[in-house]
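Notes for the structure review
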Amino acid sequence: MGDPALSRRNFMAASAAAGLGMTALSGCGGDSDAGSSGTTTVEWWNISTTQPTKDVWDALAKQFEAENPKVKIKIVQLENDAYKSKMTALTASGKLPDIFHTWGGGVLRQQVDAGLVEDLTERTKPWADGLLPVAKEPYLVGDAVYGIPFDIGMVGFWYNKAHFEKAGITTPPTTWSGFLDAVRALKSSGTTPIALAGKEKWPGMYYWAYLAMRTAGADALQKAGDDKDFTGEDFVQAGQHLQELVDLQPFQKGFLGAAYSTPTGQAATVGNGKAAMELMGQWAPVVEADAGKGLGDGLGFFPFPGVEGGKGAITEVFGGGGGHALRRGAPQAAVDFLKFFASAATDRELVRKTGVLPVVPAAEDALADPNLQAVQKQLKGTTGFQLYLDQAYAPAVGQEVNDSVAALIAGSKSPRQVAESITKTAKEEQ
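Every residue gets a number counted from 1 within its own chain, in the order that chain's sequence is written. Whole-chain, interface and lining totals are the exception, using all residues; otherwise, since this is a predicted model, local features are given only for residues with pLDDT of at least 70 and side-chain atom pairs are given and counted only at 80 or more. Side-chain metrics in this entry use all non-hydrogen atoms of the structure; hydrogen atoms and water are not considered.

**Some remarks on the sheet that holds strand E7 (residues 156–160)**
Ordered by their spatial adjacency, 3 strands build an open sheet running E8-E7-E9, and the pairing between neighbours is antiparallel. Across the chains shown, the open sheet's two edge strands, defined by having one partner strand only, are strand E8 (277–280) and strand E9 (299–302). Going from strand to strand, the sheet's axes swing by 25° on average, the running direction of each strand aside. As defined by bridge partners, E7 adjoins E8 across 4 bridges and the pair is classed as antiparallel. Note that in E8 the partner of Tyr 159 across the bridge is Met 277. Whether two strands pair depends on DSSP finding at least two bridges between them. Secondary structure elements follow DSSP: runs of H or I no shorter than four residues count as helices, runs of E no shorter than two count as strands, and numbering proceeds from the N terminus. Note on geometry: axes are lines fitted to C-alpha atoms, helical ones only across the stretch in contact, with angles between N-to-C directions running from 0 to 180 degrees.

What follows is the structure, given as structure tokens:
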């Protein structure tokens, strides 16, 4: 990622732009060592704000405290976008929480380059070596381990079976042209085809990312990130294919102002049967049921379609999972908590109650949901894997991807302008 000082300056600029003052951040990190009472307080930041995950995680923290009476877990839970903004500012301040949620990739790498993250290679080796290799990849910097996964999965389409049947769609589409035909059929049947959280931007990014993978291939997308050049015609074509979808006006009314997990947001719109599908990660069924009513057995899953003539394969998947990293110098109790969270017993609890996919092979027997079994089957057959672009790349580049794709969906940028804007920001990061 280059010069650590430069990385810190970029984070400082980003936090200033977000209006996040440093005075409010002084409580994070560095204050977790045992005090006069002999109790060690460990601060744990995560994004599990929806049910049932929130309560399950709270209960796991209490269980760990019961097993370790001299440790207190202080939980801070923030919604996705708020968390990203706070963590950008915390990184700039040089003071991260003891344990913090991470998606790995370029964001974690920049925090590592700034000297803020604990190297977990040796401290976790006795038990982390047994975790699924694909789940660990996003948290490696070189050969060093800087994060421990608790989830792994992929983004795909979650759809309402009854709406598809009403529209005469007997089989989920496997090609982009077939997908566009399905959107037309749904509209003709009087159903809103797709729910989208336009306000939050990252859900829209998923479409461009997958289309880039299908037109250019996963390897080409990785190379574009390395070369800091997204101006190739395949990436312009990805935007053109997204424009084809946008021109069909497939999204719910007011989608540009819609959030993801609110009672009127993307997940609730699908969960309440008001739209036929959403492009989302493996957590979608849980959030649809929390924000809305949920569809139960009426919910289906299919992978993102292939693009005719494209260089990518339908077996190349886009996604990631969730993991935890530690601030540099975090107490041993924080490492112990990561070990507890990565145990087979905890993983089974998470699989059964929160809809995550197992990262511990011994916990696979807890996976009962047919849709999640389909996701896992797709993952096991993958021929290429791409981490979320707003996490795979440096923070500024990832944000530009989100912003530019959102502008295309809103009608203020062309497909070529999207590719040029991402390239411009990537080169400025050099």
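**Regarding the side chain of His 241**
Inspection of the secondary structure puts His 241 in helix H11 (residues 233–247). Contacts were defined at the residue level, with two residues in contact if any of their heavy atoms lie within 4.5 Å. Discounting chain neighbours no more than four positions away, the residues touching His 241 are Trp 176, Leu 211, Thr 215 and Val 307.

**A look at helix H15 (residues 344–354)**
Buried residues of H15: Thr 346, Asp 347, Leu 350, Val 351 and Thr 354, and no others. Down the axis of H15, the sector holding all buried residues measures 135°, keeping them to one side. The exposed residues of H15 that point more than 90 degrees off its buried face are Ala 345 and Arg 352. Residues of H15 that are buried make contact with helix H2 (53–67), strand E6 (148–154), helix H13 (284–291) and helix H14 (332–341). Remark: exposure states derive from per-residue accessible area (1.4 Å probe, protein chains only) relative to the maximum for the residue type, with buried under 20%, exposed over 50%, and partly exposed in between. What the arc describes is the spread of directions from the helix axis to the C-beta atoms.

**Considering unusual backbone geometry**
Here the residue pair Gln 51 and Pro 52 is connected by a cis peptide bond, since its omega of 5° sits within 30 degrees of zero. Topologically, Pro 52 is positioned in the loop between strand E1 (40–46) and H2. With a phi close to 50°, Gln 249 is a non-glycine residue in the positive phi region.

**Describing the domain arrangement of the chain**
Annotation of the chain at the domain level lists domain 1 (32–154 + 319–386) and domain 2 (156–318 + 389–428). Per the annotation, domain bounds derive from an automatic or database assignment of domains. The straight-line distance from the C-alpha centre of domain 1 to that of domain 2 is 26 Å. Tallying the contact residues gives 37 residues for domain 1 and 32 residues for domain 2. When two parts are brought into contact, each loses some accessible area as probed by a 1.4 Å sphere; the total of that loss over both is the buried area. Across the domain 1/domain 2 interface, buried area totals approximately 2600 Å², and carbon plus sulfur atoms make up 53% of it. In terms of surface lost to domain 2, no three residues of domain 1 exceed Met 154, Asn 371 and Gln 386, which account for 28% of the buried area on that side. Definition used for salt bridges: Asp or Glu carboxyl oxygen within 4 Å of a side-chain nitrogen of Lys or Arg. Counting across the interface, domain 1 meets domain 2 through 1 salt bridge. Put simply, Lys 84 and Asp 390 hold a salt bridge, and the shortest N to O gap is 3.2 Å. We call two N or O atoms a polar contact when they sit within 3.5 Å, provided that within protein one can donate a hydrogen and the other can accept it, with sequence-adjacent residues counted only if both atoms are side-chain atoms. Taken together, the links from domain 1 to domain 2 amount to 14 residue pairs in polar contact (both at pLDDT 80 or more). Listing elements by their share of the side of domain 1 that touches domain 2, those giving two or more residues are helix H3 (80–93), helix H4 (105–113), E6, strand E10 (316–326), helix H16 (370–380) and strand E11 (384–387). Looking at the side of domain 1 that touches domain 2, the element that brings in the most residues is H16, giving 6 residues.

**Thoughts on the packing of H11 against helix H19 (residues 415–428)**
Contact pair H11 / H19: the axes reach a minimum separation of 8 Å and the direction vectors enclose 130°. Relative to H19, H11 is oriented oblique. Note on packing geometry: the crossing formed by H11 with H19 is right-handed. Where H11 approaches H19, its residues Glu 233, Val 236, Gly 239, Gln 240 and Gln 243 are matched on the opposing element by Pro 415, Arg 416 and Ala 419. Here the residues of the contact of H11 with H19 sort into 3 nonpolar, 3 polar and 2 charged. Angles are sorted into four bins: roughly parallel if under 35 degrees, roughly antiparallel if over 145, roughly perpendicular if 65 to 115, and oblique for all others. Helix crossings are classified by the rotation of the near helix relative to the far one: an anticlockwise turn of less than a right angle makes the crossing left-handed, while a clockwise turn makes it right-handed. In this count, Pro and Cys sit with the nonpolar residues alongside Ala, Val, Leu, Ile, Met, Phe, Trp and Tyr, while Asp, Glu, Lys and Arg are called charged and the others, Gly among them, polar.

**Here's the deal with the nonpolar core**
Nine residue types can take part in a nonpolar core, namely buried Ala, Val, Leu, Ile, Met, Phe, Trp, Tyr and Cys, and a core is a set of them joined through side-chain atoms within 4.5 Å. Core analysis: the biggest nonpolar cluster contains 129 residues, and Phe 179, Trp 208, Leu 242, Leu 245, Met 277 and Phe 318 have the highest contact counts within it. With 11 residues, the top contributor of residues to this core is helix H9 (residues 202–216). Residues contacting Phe 179, with those up to four places away along its chain left out, are Phe 157, Pro 173, Ile 194, Leu 245, Met 277, Phe 302 and Pro 305.

**Examining the pairing of E7**
Taking burial as the measure, the 5 residues of E7 include 5 buried ones, the bulk of the element. Two strands pair when backbone bridges link them, and E7 and E9 are joined in this way by 4 bridges, in the antiparallel orientation. Among the inter-strand pairings, Tyr 159 is bridged to a residue of E9, identified as Gly 300.

**Things to note about the packing of aromatic side chains**
When the centres of two rings from Phe, Tyr and Trp lie within 6.5 Å, Trp using its six-membered ring, the rings pair. Their planes under 30 degrees apart give stacked, over 60 give edge-to-face, and anything left gives tilted. Tallied over the entire structure, the rule returns 34 aromatic pairs. On the numbers, 5.5 Å between centres and 70° between planes, the contact of Tyr 206 with Phe 318 is edge-to-face. Highlighted residues: Tyr 206 in helix H9 and Phe 318 in strand E10, separated in sequence by 112 residues. Of the two residues examined, Tyr 206 and Phe 318, each falls in the buried class. A centroid spacing of 5.6 Å and a plane angle of 65° characterise the contact between Phe 230 and Tyr 393, whose relative ring orientation is edge-to-face. Of the two residues, Phe 230 sits in the loop between helix H10 (218–227) and H11 while Tyr 393 sits in the loop between helix H17 (389–392) and helix H18 (395–410), which places them 163 residues apart along the sequence.

**Let's talk about empty space enclosed by the protein**
Both cavities and pockets are sets of points on a 1 Å grid over the protein atoms alone; in a cavity a 1.4 Å probe fits but cannot get out, in a pocket the set is open with protein on both sides within 12 Å along at least five of seven lines, and lining residues sit with an atom within 4 Å of a point. Grid points are joined across faces, edges and corners, and a volume is the space filled by probe spheres set on the points. Under the counting rule described, the total for this entry stands at 2 cavities of 30 Å³ or more. The volume enclosed by the largest cavity comes to roughly 610 Å³. Along the walls of the largest cavity sit 31 residues, with Ile 47, Asn 80, His 101, Trp 283 and Val 287 positioned nearest its centre. Mapped onto the lining of the largest cavity, the elements with two or more residues apiece are H2, H3, E6, H9, H13, E10, H15 and H17. Broken down by element, the residue count for the lining of the largest cavity peaks at 3 residues, all from H9. Each residue belonging to the lining of the largest cavity can be placed in one class, and the counts come to 14 nonpolar, 13 polar and 4 charged. The computed volume of the second largest cavity comes to approximately 30 Å³. In this structure, the second largest cavity is lined by Ile 148, Pro 149, Phe 150, His 324, Leu 338, Phe 341 and Ala 342. Looking at the lining of the second largest cavity, the elements that each hand over two or more residues are E6 and H14. Among the elements that take part in the lining of the second largest cavity, E6 stands out by supplying 3 residues, more than any other.

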